[in-house]
Structures are given as C-alpha cells and as structure tokens.
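# Summary of structural features
Residue-level listing of the chains:
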Amino acid sequence: ESLLKEKYDAPLLDAIKQMPTVTVADVPSSDAKIEYTDHNSFRAVANRLGIMHDEKAGVARTAYLGIVTLFWKGHYLHITPRDGQPLYKQYITF
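Here's a quick rundown of the structure. (Residues numbered from 1 in each chain as written. Predicted model: local features only at pLDDT ≥ 70, side-chain atom pairs only at ≥ 80, totals over all residues. Heavy atoms only, no water.)

### With respect to the overall build of the protein chain
The helix and strand inventory of the protein chain stands at 2 helices and 5 strands. Counting helices and strands in the order they occur from the N terminus, the protein chain gives α-β-α-β-β-β-β. Classification of the 94 residues of the protein chain by burial places 31% in the buried group. Considering only contacts within the protein chain whose residues lie at least 6 apart along the sequence, 46% involve residues at least 24 apart. Total accessible area computed for the protein chain in this model is approximately 6300 Å², and 54% of it derives from carbon and sulfur atoms. (Helix = DSSP H or I, 4+ residues; strand = E, 2+ residues; numbered from the N terminus. Buried < 20%, exposed > 50% of the residue type's maximum accessible area, 1.4 Å probe, protein only. Contact = heavy atoms within 4.5 Å. Areas by Shrake-Rupley, 256 points an atom, 1.4 Å probe, with all protein chains shown as cover.)

### Some details on the side chain of His 78
With respect to the helices, strands and loops of the structure, His 78 is situated in strand E5 (residues 75-81). Side-chain polar atoms of His 78 contact the side chain of Thr 69, separated by 2.8 Å. Not counting residues up to four positions away in its chain, the partners in contact with His 78 are Ile 16, Met 19, Ala 32, Lys 33, Ile 34, Ile 67, Val 68 and Thr 69. (Polar contact = N/O pair within 3.5 Å; in protein donor to acceptor, adjacent residues only side chain to side chain.)

### Side note on the pairing of E5
Counting buried residues along E5, 5 of its 7 residues qualify, which places the element largely inside the surrounding structure. Remark: 2 residues form the turn of the hairpin made by strand E4 (residues 68-72) and E5, two consecutive strands paired antiparallel; Lys 73 in that turn has positive phi of roughly 50 degrees. (Pairing = 2+ DSSP bridges.)

### Observations concerning the sheet that holds E5
Spatially, 3 strands are ordered E1-E5-E4 in an open sheet, and the strand pairing comes out mixed. The open sheet terminates on both sides in strands that have one partner only, identified here as strand E1 (32-36) and E4. Direction aside, the axes of adjacent strands within the sheet are offset by 25 degrees on average. Sheet topology note: the E1/E5 ladder contains 5 bridges and is parallel. (Axes fitted to C-alpha atoms, helices over the stretch in contact; angles between N-to-C directions.)

### Some thoughts on helix H1 (residues 5-18)
If you check H1, its first and last C-alpha atoms are 20 Å apart, about what 14 residues at 1.5 Å a residue would give, namely 20 Å. Taken residue by residue, H1 has Asp 9, Leu 12 and Ile 16 as its buried positions. Mapping the buried residues of H1 onto a view down its axis gives an arc of 75 degrees, with all of them on the same face. For H1, the exposed residues lying more than 90 degrees away from the buried face are Glu 6, Lys 17 and Gln 18. On its buried side, H1 packs onto E1 and E5. (Expected span 1.5 Å × (residues − 1). Arc of directions from axis to C-beta.)

Next comes the structure, spelled out in structure tokens:
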C-alpha cells in the first residue's frame, strides 16, 4: 500500500528535494542527487557513472518521474531533472 502513487510520489520528491546536490566527480557521504537539464546532460552523467543511458520517447529507461535511482558507494544517488520537473512531459502530446 505504501507504493501507491498517492502515498509514494510526494514523500519521494520531498526527500530528494532536501538532499544535497553533488557532481559526478563527488563521492557522496550521504544520500544525494545529481541534476540534469536534458537527455544529453543525463547521458553525460550516466556515462561517467557507467550506467545505462538509453532512452525511449525522451524518458531514461529506468526513470520514475524522470528520476533514476541507484545505490552508489554505499548511498542512494538520484539522478534527477533540475528543479524536479520531469523533462519527458515536453515530449508527450495528446
């Protein structure tokens, strides 16, 4: 039940918002985030970290709300769109 969208999204986004922002060169000493601005900047981060960087329809393959989460050197590292805005919305048309 705690993984229902209504109960999961807001706490996740709030937690990530409070995390320190680091760069790819940093080794985080706690859970942290790296921000990206578009798919090219996401690809650069992913390549530096050695993780999958491909996308489909403007969404990184393992992203949820534009956020890719991984366990890195003992801490959670969230690769997240700058300002918390899922960038893939710009590709969606109805």
